[in-house]
Amino acid sequence: NAGVTQTPKFQVLKTGQSMTLQCAQDMNHEYMSWYRQDPGMGLRLIHYSVGAGITDQGEVPNGYNVSRSTTEDFPLRLLSAAPSQTSVYFCASSQFRGGHHFGNGTRLTVT
Amino acid sequence: TQLLEQSPQFLSIQEGENLTVYCNSSSVFSSLQWYRQEPGEGPVLLVTVVTGGEVKKLKRLTFQFGDARKDSSLHITAAQPGDTGLYLCAGATASGTYKYIFGTGTRLKVLA
């Protein structure tokens, strides 16, 4: 039982490049979400999904896309990377009213 | 925009001291969670509180949800170096939702 697995752990992109951050969970949780964590700003919700085929925007969705084709996977796509997207990205899963189970994060630097 | 403000932002104390961390909002939350995060890792859930006025204890940690469900506190008794970390509160934005708003965090350092 691996919990929530995020890949890659580290990534450096040039401005304008695109990439996909991968997230997979093996707990059969309905809810999955992506957050970014910046110094002094806590965790901010980017996108979330309440089940396969259903996604919605969080607090800071601009510049990011998601899809949820299976219960297990919830990838986050950066369409055209910008320096403002330099951050640590966390994926999480949970059941209704349950606690978030977080991955160990992807540290992204955009130059 | 709903906000969850935590205070203090930083706290450095000696081993054995007591401390309280606060999580405040002008909004009502249907439930509230506390997490602890260590460097290089994701946050780990400590507790979920659901009912206004609810108090939960986890060893030396005591969590309270305000009567009006707008605020919460975390009290640590006899802090130990192992308590060092970033403490985050998170409130569910409305009943029946999975969406949580996270606080800005309190960074605690306990010195031996």
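Computed from a predicted model, the values in this text were never measured in an experiment. (Residues numbered from 1 in each chain as written. Chains lettered and ligands numbered in written order. Predicted model: local features only at pLDDT ≥ 70, side-chain atom pairs only at ≥ 80, totals over all residues. Heavy atoms only, no water.)

Observations regarding the overall build of chain B
Helices and strands together make up the secondary structure of chain B, namely zero helices and eleven strands. Ordering the α and β elements of chain B from the N terminus gives β-β-β-β-β-β-β-β-β-β-β. For 112 residues, the compact-globule formula gives about 13 Å, and the C-alpha radius of gyration of chain B, at 13 Å, lands near that figure. Its C-alpha atoms give chain B principal-axis dimensions of about 45 × 30 × 20 Å. Looking at the 112 residues of chain B, the share that counts as buried comes to 46%. Relative to all contacts within chain B whose residues are 6 or more apart in sequence, the contacts with residues 24 or more apart total 54%. When the accessible area of chain B is evaluated, it comes to approximately 5,300 Å², of which 49% is carbon and sulfur surface. Averaging the locations of the 10 positively and 9 negatively charged side chains of chain B gives two centres separated by 4 Å. (Helix = DSSP H or I, 4+ residues; strand = E, 2+ residues; numbered from the N terminus. Rg over C-alpha atoms; globule rule 2.2 N^0.38 Å. Buried < 20%, exposed > 50% of the residue type's maximum accessible area, 1.4 Å probe, protein only. Contact = heavy atoms within 4.5 Å. Areas by Shrake-Rupley, 256 points an atom, 1.4 Å probe, with all protein chains shown as cover. Lys, Arg positive; Asp, Glu negative; His and termini not counted. Charge placed at Lys NZ, Arg CZ, Asp CG, Glu CD.)

Some remarks on the sheet that holds strand β3 (residues 19-24) of chain B
All names here are of chain B. Read from one edge of the open sheet, five strands run β1-β3-β8-β7-β6, paired in antiparallel fashion. A single partner strand is all that each edge strand has here, and the edge strands are β1 (5-7) and β6 (55-58). Across the sheet, the mean angle from the axis of one strand to that of its neighbour is 15°, orientation sign disregarded. (Pairing = 2+ DSSP bridges. Axes fitted to C-alpha atoms, helices over the stretch in contact; angles between N-to-C directions.)

With respect to the environment of L108 of chain B
For L108 of chain B, the location among the structural elements is in strand β11 (residues 106-111). Separated by 52 residues in sequence, L108 of chain B and K56 of chain B place their C-alpha atoms 20 Å apart.

Some words on the interface of chain A and chain B
Interface extent is often summarised as the accessible area lost during association of the parts. Across the contact, 24 residues belong to chain A and 21 residues belong to chain B. Summing both partners gives a buried area of about 1,800 Å² for chain A against chain B, and 58% of it is carried by carbon and sulfur. Counting across the chain A and chain B interface gives zero salt bridges. Along the contact surface separating chain A from chain B lie four residue pairs in polar contact (both at pLDDT 80 or more). Mapped by element, the contributors of at least two residues to the side of chain A that touches chain B are β4 (31-37), β5 (43-51) and β9 (87-94) of chain A. If you tally residues by element for the side of chain A that touches chain B, the top one is β5 of chain A, at four residues. A breakdown of the residues in the side of chain A that touches chain B according to their chemical character gives ten nonpolar, eleven polar and three charged. (Buried area = accessible area lost by both parts, 1.4 Å probe. Salt bridge = Lys/Arg side-chain N within 4 Å of Asp/Glu carboxyl O. Polar contact = N/O pair within 3.5 Å; in protein donor to acceptor, adjacent residues only side chain to side chain. Nonpolar A, V, L, I, M, F, W, Y, C, P; charged D, E, K, R; others polar.)

Focus on the sheet that holds strand β8 (residues 76-78) of chain A
Residues and elements named next belong to chain A. A sheet is described by the order of its strands in space; here four strands give the open sequence β1-β3-β8-β7, paired in antiparallel fashion. Each edge of the sheet is formed by a strand with only one pairing partner; in this case those strands are β1 (4-7) and β7 (64-66). Going from strand to strand, the sheet's axes swing by 20° on average, the running direction of each strand aside. Bridge count between strand β3 (residues 19-25) and β8: three bridges; the pairing is antiparallel. If you follow L21 over to β8, its bridge partner there is L76.

Focus: the state of the cysteines
Within the structure shown, the criterion is met by two disulfides over all chains. A disulfide bridge connects C23 of chain A with C91 of chain A, and the sulfur atoms are separated by 1.8 Å. One quick way to see it: the torsion about the S-S bond of C23 of chain A and C91 of chain A is about -70°, and its sign makes the bridge left-handed. Of this pair, C23 of chain A sits in strand β3 while C91 of chain A sits in strand β9; the two residues are 68 residues apart in sequence, bridging distant segments of the chain. Assessed through its relative accessible area of 2%, C23 of chain A is described here as buried. Covalently, C23 of chain B is tied to C89 of chain B through a disulfide, its sulfur atoms 2.0 Å apart. Across the S-S bond of C23 of chain B and C89 of chain B the torsion is about 80°, and the bridge reads as right-handed. Linking C23 of chain B in strand β3 with C89 of chain B in strand β9 (residues 85-92), this pair joins segments that are 66 residues apart in sequence. In terms of burial, C23 of chain B and C89 of chain B fall into one category: buried. (Disulfide = S-S within 2.5 Å.)

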